[in-house]
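Structural description and commentary
Here is how the chains run, residue by residue.
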Amino acid sequence: MPAYDPNNIFAKILRGELPCYKVYEDDKALAFLDIMPRAPGHTLVLPKAPARNILDVPPDDLAHVAKVAQKIAKAAMTALGADGITVQQFNEGPGGQVVFHLHVHVIPRMAGVPMKPPAEFKEKPEALAEMAKTLMAALAAG
Ligand code: AMP
């Protein structure tokens, strides 16, 4: 497996060199909206420490990302009135991974609404900003 590339786009977001629509942050993880959501509220959860994917991440960092993914899933159920949640995580190119800093997709689902195909639809900045505000408020409320 190739080494971690510190110039990947999520590493730049983590360093504050690129913007994101932040949903949640603590000392070990950051969560922000996917700008090409497969459904409204599609969120990515990342460990702050460098890790390419599930194959090199320290188990404690992976466990923390899972905890944050659960928080976001619960917040999306209440704040967005979702009917379900799809969680996805891809590893290496053949496994479907495009950005090589570990991330977990948390995708709120509505009954009867299929997910959009990956990278098909770029959401409007205003809609992303509003969604981030909604999810962040729900997370803050616990
Ligand atoms: P994958 O590596 O296959 O899990 O996919 C990477 C995901 O990152 C895709 O769903 C993209 O839409 C998303 N993505 C790419 N660039 C950005 C960005 N700058 N901000 C938020 N999401 C992004």
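A brief report on the enclosed structure follows. This is a predicted model, so every value here is computed, not measured.

1. A few points about the nonpolar core
- With 22 residues, the main nonpolar core has Val-23, Tyr-24, Leu-33, Val-45, Ile-72, Val-106 and Leu-135 as its most contacted residues.
- Considering every element that reaches this core, the biggest residue donor is helix H2 (residues 59–79), with seven residues.
- For Ile-72, the residues in contact, after removing those within four places along its chain, are Val-23, Tyr-24, Ala-31, Thr-43, Val-45, Val-106 and Leu-139.

2. Some thoughts on the sheet that holds strand E4 (residues 84–88)
- The strand order E1-E2-E3-E5-E4 describes an open sheet built from five strands, whose pairing is antiparallel. Each having just a single partner strand, strand E1 (22–25) and E4 make up the two edges of the open sheet. Neighbouring strand axes in the sheet, compared pairwise and without regard to direction, differ in orientation by 20 degrees on average.
- Pairing between strand E3 (residues 43–47) and strand E5 (residues 104–109): three bridges, direction antiparallel. Opposite Leu-44, over in E5, you have His-105 as the bridge partner.
- Along the sheet, H2 makes contact with E1, strand E2 (29–33), E3, E4 and E5, crossing E3 at roughly 155 degrees.
- Against the sheet, helix H3 (residues 125–141) touches E1, E2 and E3, its axis set at about 30 degrees to E1.

3. Focus: the environment of Tyr-4
- Among the secondary structure elements, Tyr-4 is positioned in the segment before helix H1 (9–14).
- Note on Tyr-4: relative accessible area 23%, which makes it partly exposed.
- A C-alpha to C-alpha distance of 7.1 Å links Tyr-4 and Pro-50, two positions 46 residues apart in sequence.
- Contact partners of Tyr-4, with chain neighbours within four places excluded, come to Ala-11, Pro-50, Ala-51, Arg-52, Phe-100 and His-101.
- For Tyr-4, the side chain forms a polar contact with the side chain of Asn-8, separated by 3.2 Å.
- A polar contact is formed between the side chain of Tyr-4 and the side chain of His-101, at a distance of 2.6 Å.

4. Digging into the site of the ligand
- In the vicinity of the ligand there are 16 residues, among which Asp-34, Gly-96, Val-98, His-103 and His-105 approach most closely.
- A distance of 2.6 Å separates an oxygen atom of the ligand from a polar atom in the backbone of Val-98.
- Out of a free accessible area of 510 Å², the ligand has 86% covered by protein chains.
- Where the shell around the ligand is concerned, the elements lending two or more residues are H1 and E2.
- Looking at which element gives the most residues to the shell around the ligand, the answer is H1, with three residues.
- When the residues that make up the shell around the ligand are grouped by side-chain class, the tally is eleven nonpolar, four polar and one charged.

Quick notes on the rules
Residues numbered from 1 in each chain as written. Predicted model: local features only at pLDDT ≥ 70, side-chain atom pairs only at ≥ 80, totals over all residues. Heavy atoms only, no water. Core = buried A, V, L, I, M, F, W, Y, C linked by side-chain atoms within 4.5 Å. Buried < 20%, exposed > 50% of the residue type's maximum accessible area, 1.4 Å probe, protein only. Helix = DSSP H or I, 4+ residues; strand = E, 2+ residues; numbered from the N terminus. Contact = heavy atoms within 4.5 Å. Pairing = 2+ DSSP bridges. Axes fitted to C-alpha atoms, helices over the stretch in contact; angles between N-to-C directions. Polar contact = N/O pair within 3.5 Å; in protein donor to acceptor, adjacent residues only side chain to side chain. Near = heavy atom within 4 Å. Areas by Shrake-Rupley, 256 points an atom, 1.4 Å probe, with all protein chains shown as cover. Nonpolar A, V, L, I, M, F, W, Y, C, P; charged D, E, K, R; others polar.

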